[in-house]
Amino acid sequence: MENIRRQIWIYILIAIVYGAGLDFVADFFQDDIRHGFYIVLEIFARLSYTIAVGLFVAAYVTTRITQASAAKDKERLDAIQAAINADVFDSLFKSLTPPDLFDAFKEDILRKKILVQEAEWDLCFTEEQAGEVKLIQIIEYTMENLSKEQLIEPMVITVVDSPDSRLSLLSAYGKVNGDEWEYQKNGGLPDNMRIEALEVEKGDGERIQINLEIPARGSVKLRLEFEAIYPERVNDVYFTKYPITSGRIDATFPPEYEFGVFPSMSGRMILEYARQDKSKWKLEGVALPKQGFAFYLKKKSQL
């Protein structure tokens, strides 16, 4: 195809030069317009220019067709290469691991389109009347869309009272591409959020759904604030739906209590700082989907 385009451009150049030469010769006979040779030269000159224009159009169309064909060929080759890579990867790891383990690894990790970064858990414990403990928990993180398409990711939060705690969502905030939305308890709901009442065995609850629109290769920043009331001591857990690559826990509590974390994840949760009423923990490594940590708060007299 490249040789054909090159030949067309050569023919265009020849036609233009030939037409110009005929025009130059015809000028010698211009004074005698009745001269038959002048008319013949003019006809061939105009014909040469017409051929040049036609060849130019042909060259342009050929170039456009070639570019379109190359783009389609590249898409087909990319698709074939991706399929080959996937088949090679599947074949290799299936030969090294049990099928059930490989399927779980592929579903929970390889196919995930969302990654969580800069996760922060701010846990503030206070002692209430009748020996209860109140926790104000603020969770902040960034959700990264790793795919080349916009995602609408539903975040579902189930808030149900249990014998161990009473939980409620106080506020929610999100920001994506400069657009912000916010929710406050007992306030109006943003367009991307809805709350449904739930009837459970030992009380009432709520099902909260937040639809997050995350642009291709973009991110959304989230901030969730919860309140939980525990009788006397705290034993609770947090598990993630998405891979987490960086995170930290900041906990403050009354000095007569002790706080601790039990990680259950691929990475490690390292104690960076501790004093009588405060401790800080940092995630080293990653937390994979369905992994997380347990935390407790107990009076030192109960240890």
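Scoring rules and cut-offs
Residues numbered from 1 in each chain as written. Predicted model: local features only at pLDDT ≥ 70, side-chain atom pairs only at ≥ 80, totals over all residues. Heavy atoms only, no water. Helix = DSSP H or I, 4+ residues; strand = E, 2+ residues; numbered from the N terminus. Buried < 20%, exposed > 50% of the residue type's maximum accessible area, 1.4 Å probe, protein only. Areas by Shrake-Rupley, 256 points an atom, 1.4 Å probe, with all protein chains shown as cover. Salt bridge = Lys/Arg side-chain N within 4 Å of Asp/Glu carboxyl O. Phe/Tyr/Trp six-rings, centres within 6.5 Å; stacked < 30°, edge-to-face > 60°. Pairing = 2+ DSSP bridges. Axes fitted to C-alpha atoms, helices over the stretch in contact; angles between N-to-C directions. Core = buried A, V, L, I, M, F, W, Y, C linked by side-chain atoms within 4.5 Å. Contact = heavy atoms within 4.5 Å. Polar contact = N/O pair within 3.5 Å; in protein donor to acceptor, adjacent residues only side chain to side chain. pLDDT = per-residue confidence, 0-100.

A closer look at the overall build of the protein chain
Helix and strand content of the protein chain: three helices and 14 strands. When the 303 residues of the protein chain are sorted by exposure, 34% land in the buried category. Total accessible area on the protein chain is roughly 18900 Å²; 56% of this is exposed by carbon and sulfur atoms.

Quick look at the pattern of salt bridges
Considering all chains together, one arrives at eight salt bridges under this definition. The closest approach of N and O atoms between Glu132 and Arg166, which form a salt bridge, is 3.4 Å. Residue Glu132 is found in strand β2 (residues 132-145), and its partner Arg166 is found in strand β4 (residues 166-176); the two are separated by 34 residues along the sequence. On the accessibility criterion, Glu132 (24% relative accessible area) is partly exposed.

Here's the deal with the packing of aromatic side chains
Enumeration according to the criterion identifies nine aromatic pairs in this entry. Residues Phe259 and Phe295 carry aromatic rings whose centres are separated by 6.3 Å and whose planes lie at 35 degrees to one another, so their mutual orientation is tilted. Within this pair, whereas Phe259 is found in strand β11 (residues 257-264), its partner Phe295 is found in strand β14 (residues 292-299), the two being separated by 36 residues in sequence.

Here we look at the pairing of strand β10 (residues 247-252)
Of the two faces of β10, the one holding Gly247, Ile249 and Ala251 is buried and the one holding Arg248, Asp250 and Thr252 is not buried anywhere. Where strand β1 (residues 114-127) meets β10, six bridges bridge the pair, whose relative direction is parallel. Its bridge partner lying in β10, Leu123 is registered against Ala251. By the bridge criterion, five bridges tie β10 to strand β13 (residues 278-284) in an arrangement that is antiparallel. Across the sheet, Asp250 pairs through a bridge with Lys280, a residue of β13.

Describing the sheet that holds β2
To summarise the sheet geometry, strands pair through backbone hydrogen bonds and adopt either a parallel or an antiparallel arrangement. The strand order β5-β4-β8-β2-β1-β10-β13-β12 describes an open sheet built from eight strands, whose pairing is mixed. Only two strands of the sheet have a single partner each, and these edge strands are β5 (179-184) and β12 (268-275). Going across the sheet, the axis of each strand differs from the next one's by a mean of 15 degrees, ignoring polarity. In this sheet, β2 lies alongside β1 in antiparallel orientation, the contact comprising 12 bridges. By the bridge assignment, Phe125 is partnered in β2 with Leu135.

Examining the nonpolar core
Ranked by internal contacts, the top residues of the largest apolar core, which has 49 residues, are Phe125, Met143, Phe259 and Phe295. Once residues lying within four places of it in the same chain are set aside, the contact partners of Phe125 are Val133, Lys134, Leu135, Val234, Thr252, Phe253, Pro254, Phe259, Phe295 and Leu297.

Considering the side chain of Glu153
Structurally, Glu153 can be placed in strand β3 (residues 151-160). For Glu153, the side chain forms a polar contact with the side chain of Lys241, separated by 3.4 Å. Within polar-contact distance, the side chain of Glu153 engages the side chain of Tyr242 at 2.8 Å. Look past the residues within four positions of Glu153 in its chain and what remains in contact with it is Ile114, Met143, Ile210, Asn211, Leu212, Ile214, Lys241 and Tyr242.

Topic: the side chain of Ser165
Within the secondary structure, Ser165 is located in the loop between β3 and β4. Non-local contacts of Ser165, meaning those with residues more than four positions away in its chain, are made with Ile229 and Tyr230.

Describing the confidence of the model for the protein chain
Averaged over the protein chain, the pLDDT score is 76; the fraction of residues at 70 or greater is 61%. Every residue in residues 15-26 scores below 50 in pLDDT, and together they form 22 contacts with partners more than four places removed in sequence or on other chains.

Digging into the sheet that holds strand β9 (residues 234-239)
With respect to topology, three strands assemble into an open sheet ordered β9-β14-β11, the strand pairing being antiparallel. Only two strands of the sheet have a single neighbouring strand rather than two, namely β9 and β11. Direction aside, the axes of adjacent strands within the sheet are offset by 15 degrees on average. In terms of strand pairing, β11 meets β14 through eight bridges, oriented antiparallel. Pairing of Pro263 across the sheet is with Phe293, part of β14.

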